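One letter stands for each residue in the lines below.
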Amino acid sequence: MPHLLIVEDSPTQALQLELILAAQGWTADVCPTAEAALEKLNGALPDLLLVDYHLPRMSGDEFIRRVRLNARTRALPVVMLTDEVTQEAEFKGIESGADAYVPKTADRDVLLLRINALLRRTNGGGHNDIQAAAQALRSCRLMIVDDSPTFLEFLRILLEEEGHEVDALSSGLDALDRAERESFDCIIVDLHMPEIDGVELCARLDTIRRRREELFQIVMLTASDSKADLMRGLEAGADDYVTKANDIEIIKARIRALLRRKLLHEENLRISMEFRRKELELERAREEMRVAEAKASLVEALERSNRELAETNARLTQTQVELTRAKDQAEAANHAKSEFLANMSHELRTPMNGIIGMNALLLTTDLTAEQRHSAELVGSSAKLLLSLLNDILDISKLEANQVTLEQIPFDLAELFEETVLLMAPKAAEHGIELVLDLDASARRHAISDPLRLRQVVLNLVGNAIKFTSRGGVTVAVAAHEDEARCLTLHVQVIDSGIGIAPDAVTRLFEKFVQADSSVSRRFGGTGLGLAICRETVSLLGGHIGVDSTMGLGSTFWFTAKLTAVAESLPAGPVPELAGRHALLLVPEGLVRAPLARDLARLGLSVVAEEPADALAELAAGRLRADMVLLDMVLVADPALNVVSHLRAALPHARLIMLRPLTGAVPAPPDIDGTLDKPVLRHNLAAVLCGATAGLAQITGISPPAAKSISPAGPVTATSGRILLAEDNYVNQQVALHMLAAAGYDVALANHGGEAVEAVEAADYDLILMDVQMPVVDGLEATRRIRAMGAPAGTIPIIAMTANAMTGVEATYRAAGMDDYISKPVDHQEFLAKVRSWIGRPRRADAGTAAAPPIPAAPADELDLTPARQLRQMMGEEAFAGLLERFLVNSRSRLARIDTALQGGDLAQVSRDVHDMISTSGGFGCRSLVSLGRAIEQAIRENDGKGLNGLCRRLAQEAPLVWERLRNGLAEAA
């Protein structure tokens, strides 16, 4: 009585199979997985295997392959069962070694017939079936290519016994010639042959097969059992790879399987062609019927068509006239647009030249260090703007290869230093480092087009900063001069950002076919972005590219051909610093290595160590230093107490603190000087040589009224001491200038954690607390302050936030806040609110709010009053810088909103919209404030359709509002 093994993971289907077999008087065992079945086969063998195609972990075809590879089980008959009734699945089953392939949807009698046939063949009773199978393949023609005469003859005899017509060749070249001229069903190739090896022969046979569109099979037959040879053979085009060590029956079975697949494919093609022929015949019959029906109505329709044709001809004639007129108008409009573009570009360049010239005259006068640095930044910014305006005219020339480069001498180091300084505020706003690693070879003069070179660098650095949220961006510059005085510039912009997907890298430098608003805002209106970089670098005689790893960052690089000048800039050691010892205490990262190299080039002996190691060596007397450069993070860490340790170990050394360019607090009393990052060589040398102290503290537009967060003297009767906790730079400037002009003493905290530390260190009359801040938010900071108890825990706290939605009052009161000011703030209302709390007696209960919040007034117009008041308080120059920063940040923020919306990141949309509300209101852009609050409401209500519409409206209206703001302020000046 036959005993079968069922390999099926479905209990229901396994039970059905057991019942079917039991009805025949057969017994069966069930294994739910291939692994369990392989273990079962280690014992008594069944008479036949029923295997499901889809099994967990190991598929059915893989299980059958393992059965066939085992000498003990390879002779077992196997029936593959599957739900997938496709040619591909059937081929997989046959290739794996299955003897029969039965769909689960087939009639039970079909399954039983298949099983009976295999059982008969196993018991020797299936001779007729074997003969029939051999007969189906008897007409096949095979070619054997092997350099071993013995094996060649052996295999030829075996295959001829199978009923095949066999051509046996010992030369691969003869085989190629024969395959070109004759047709075969299967070609069997040895791997190792003297004239041409089997891999190359397979590849060339595959080429012949493709060219002649033949279906002959290629089998690689070799004594090698190497996986590498297997991969080479299959990649070259072999359909199967069989080792000579296999049982000869397995070899013959594998060849039979390939031949069956070829014949089956040919039969399918024949059936498909026959079916297509029948379809065409049926379609022709239907077409003839339709033609006959059409002829019946043709006579009637002909006269109607003639009338309609005459009317259509008349309309077409009129349309042609109108199209010609429209074409002429479009050409005229395009010509007028080009003229307007040229005229406007000229009109814009003319005042820019005046700005640059007058700024140059200003630099010749006596200025303080900070004024001079600000004027230099104005000059650099004006030059950059002028170069971007020139790009408007260059766009069409780029397409036509008509752009001509200027050839003027310039200072390479100065160009990159100015560029990095321009991007430093943006990097500081992102909370990342921006480092200029300028090799000594690049500190020289060269001749080329500095404006276009600067444009490329600004573009790449801006992109790097935008997509980097931690770590930083390094601009590495080097130059190489050849014997012909040609200077090759090598620039790398390295970031630790999100990286770029490999499939997107190839598209990065393509030109935009359609204008992209976000790119236009980010790159000064050119609309070409990285494509302009590619064109510009090509004009400069160089190349541009990118290497990127997802999640690790990107490196954009480019080269440019410049002309070297005879004299290079002196970049050697500074005599005043020669022989001095410098200790560099900066955490390992982007800043340490380039800064150490710059110090060494200035002539100092540099030691750069981890702070803990350096302090230990100082305490042991093994380390000396004339000057110490330490990061602000170390100075601000009370646990390290670095400054005290340094003062004790190095009483005569100069301590210099490195700090970010924006939002930095003044140094503690024991610090001798400060140096802003990114660290530039001339600033570094000036500070180390003891130059004007102001030069060491240049930070662009410094907060004029901000004081360090440290204890201060008593507040006078006519003033008050206020702590402002705000992370946004523009909002800091607005509040600082308003409060300073009103006579208040203001200390600045960049987040809630700093605010808590400030309250612990000093007493204040009032705290203005932004709600949404990094590190520690305003609500948590308020809770911590209230937990301190009297007197610090009773200081009045006013919430400042752009979130003016209903219900926030209860949240702020619950956290311990006393009052609420909605941003954008009105100047007079803001000062009135501050005055009302400055003189108010403190309450004993820190958990009870004392006044209701000021509701947000709806507004849908541009109100220039707040901006004019700010300009009056700050002065023209400082306000112009603040306005420009507001516009640049707003454009970047709008681009981020669009990107986040497209990516479905509603949290990022909410954060950027929140910032937009607070900053736009400070400049009177009330329509944007209202629109921003509507977007916040849509996010809260999960209104996707409304959110998309509001964001599209924001993208359209915001640039117009900003332009009206700029024009309105210019007219009022």
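Scroll up a little and you will see the structure.
The shown structure was predicted, so the numbers you read here are calculated from the model rather than taken from an experiment. (Residues numbered from 1 in each chain as written. Predicted model: local features only at pLDDT ≥ 70, side-chain atom pairs only at ≥ 80, totals over all residues. Heavy atoms only, no water.)

Notes on the overall build of the protein
Then, in step 1: Summing up its helical and strand segments, the protein has 32 helices and 28 strands in all.
Then, in step 2: When burial is assessed residue by residue, the protein has 45% of its 973 residues classed as buried.
Then, in step 3: If you take every contact in the protein between residues at least 6 apart in sequence, the share linking residues at least 24 apart comes to 68%.
Then, in step 4: With the model as given, the accessible surface of the protein reaches about 47100 Å², and the carbon-plus-sulfur share is 54%. (Helix = DSSP H or I, 4+ residues; strand = E, 2+ residues; numbered from the N terminus. Buried < 20%, exposed > 50% of the residue type's maximum accessible area, 1.4 Å probe, protein only. Contact = heavy atoms within 4.5 Å. Areas by Shrake-Rupley, 256 points an atom, 1.4 Å probe, with all protein chains shown as cover.)

Comments concerning helix 17 (residues 530–539)
Then, in step 1: Judged by how many residues are buried, helix 17 sits mostly within the fold: 7 of 10 residues are covered.
Then, in step 2: Residues L530, A531, I532, C533, E535, T536 and V537 constitute the buried set of helix 17.
Then, in step 3: One or two positions beyond helix 17, positive phi appears at G541, with a value near 80°.

Considerations on the nonpolar core
Then, in step 1: One finds L412, F416, L434, V475, V477, L489 and F558 to be the most contacted residues of the largest nonpolar core, which totals 46 residues.
Then, in step 2: For this core, the secondary structure elements donating two or more residues are helix 13 (412–430), strand 12 (433–438), helix 14 (450–466), strand 14 (472–481), strand 15 (486–495), helix 17, strand 16 (544–549) and strand 17 (553–564).
Then, in step 3: When sequence neighbours within four positions are dropped, the list of residues in contact with V475 reads F416, V420, L434, V435, L436, D437, V461, V491 and Q492. (Core = buried A, V, L, I, M, F, W, Y, C linked by side-chain atoms within 4.5 Å.)

Some details on the sheet that holds strand 10 (residues 240–243)
Then, in step 1: Ordered by their spatial adjacency, 5 strands build an open sheet running 7-6-8-9-10, and the pairing between neighbours is parallel. Bordering the open sheet on either side are strand 7 (165–169) and strand 10, each of which pairs with just one other strand. Neighbouring strand axes in the sheet, compared pairwise and without regard to direction, differ in orientation by 20° on average.
Then, in step 2: As defined by bridge partners, strand 6 (residues 141–145) adjoins strand 8 (residues 186–190) across 4 bridges and the pair is classed as parallel. Paired with M143 across the bridge in strand 8 is I187. (Pairing = 2+ DSSP bridges. Axes fitted to C-alpha atoms, helices over the stretch in contact; angles between N-to-C directions.)

Considering the sheet that holds strand 2 (residues 27–31)
Then, in step 1: Spatial strand order, 2-1-3-4-5: 5 strands in an open sheet with parallel pairing. Single-partner strands in this sheet number two, and they are strand 2 and strand 5 (100–103). Strand after strand, the sheet turns through a mean of 20° between neighbouring axes, direction not considered.
Then, in step 2: Sheet analysis places strand 1 (residues 3–7) next to strand 3 (residues 48–52), joined by 4 bridges and oriented parallel.

Thoughts on the pairing of strand 26 (residues 766–770)
Then, in step 1: The buried fraction of strand 26 amounts to 5 of the 5 residues, a majority that puts the element mostly inside the structure.
Then, in step 2: Across 4 bridges, the pairing between strand 24 (residues 721–725) and strand 26 is parallel. Considered in strand 26, the bridge of L724 is made with L768.
Then, in step 3: In this sheet, strand 27 (residues 797–801) lies alongside strand 26 in parallel orientation, the contact comprising 4 bridges. Residue pairing in the sheet places M769 in a bridge with A799 of strand 27.
Then, in step 4: Running through helix 25 (residues 778–786), the crossover from strand 26 to the neighbouring parallel element strand 27 is right-handed. (Right-handed = clockwise from strand over helix to strand, strands pointing away.)

Structural notes on the packing of helix 9 (residues 198–212) against helix 10 (residues 227–236)
Then, in step 1: At a minimum axis distance of 8 Å, the contact between helix 9 and helix 10 shows a crossing angle of 20°. The angle between the axes of helix 9 and helix 10 places the two elements in the roughly parallel class. Handedness of the crossing formed by helix 9 with helix 10: right-handed. Note on element contacts: helix 10 touches helix 9 through R232, G233 and A236, opposite V199, C202, A203 and D206.
Then, in step 2: Of the residues contributing to the contact of helix 9 with helix 10, the split by class is 4 nonpolar, 1 polar and 2 charged. (Parallel < 35°, antiparallel > 145°, perpendicular 65-115°, else oblique. Left-handed = near helix turned anticlockwise from the far one by under 90°. Nonpolar A, V, L, I, M, F, W, Y, C, P; charged D, E, K, R; others polar.)

A closer look at helix 13
Then, in step 1: Helix length check: helix 13 (19 residues) gives 27 Å between terminal C-alpha atoms against 27 Å at 1.5 Å per residue, within 8%.
Then, in step 2: The principal kink in helix 13, of about 40°, is found at A424, preceding the proline P425 by one to four residues.
Then, in step 3: The buried fraction of helix 13 amounts to 14 of the 19 residues, a majority that puts the element mostly inside the structure.
Then, in step 4: Of the residues flanking the start of helix 13, the one acting as N-cap is D411, its side-chain oxygen 3.1 Å from the backbone nitrogen of A413.
Then, in step 5: Backbone geometry just downstream of helix 13 places G431 in the positive-phi region, at approximately 75°. (Expected span 1.5 Å × (residues − 1). Bend = angle between axes of the 7 residues up to and from the residue. Polar contact = N/O pair within 3.5 Å; in protein donor to acceptor, adjacent residues only side chain to side chain.)

Brief notes about the packing of aromatic side chains
Then, in step 1: If you walk through the whole model with that rule in mind, you get 3 aromatic pairs.
Then, in step 2: Ring centres of F509 and F556 lie 6.2 Å apart, and the angle between their planes is 70°; on these two criteria the pair is classed as edge-to-face. Of this pair, F509 sits in the loop between helix 15 (502–505) and helix 16 (517–522) while F556 sits in strand 17, placing them 47 residues apart in sequence.
Then, in step 3: Taking the relative accessible area as the measure of exposure, F556 reaches 9% and is therefore buried. (Phe/Tyr/Trp six-rings, centres within 6.5 Å; stacked < 30°, edge-to-face > 60°.)

What to know about the pattern of salt bridges
Opposite charge on two side chains allows them to pair when their charged atoms are near.
Then, in step 1: By the definition in use, this model includes 50 salt bridges.
Then, in step 2: Across the pair R181 and D177 runs a salt bridge whose closest N-O atoms are separated by 2.9 Å. On the criterion of helical spacing, the pair formed by R181 and D177 is a turn pair, its members being 4 residues apart in helix 8 (residues 172–181).
Then, in step 3: The partly exposed category is assigned to D177, whose relative accessible area is 40%.
Then, in step 4: Among the ionic pairs, D437 bridges to R597, the shortest N-O distance being 2.5 Å. Here D437, found in strand 12, pairs with R597, found in helix 18 (residues 592–601); they are 160 residues apart in sequence, far enough to count as distant.
Then, in step 5: Residue classification places R597 among the partly exposed positions, given a relative accessible area of 34%.
Then, in step 6: Each of R141, E165, D167, D177, R178, R181 and E182 takes part in a single network of salt bridges with overlapping partners. (Salt bridge = Lys/Arg side-chain N within 4 Å of Asp/Glu carboxyl O.)

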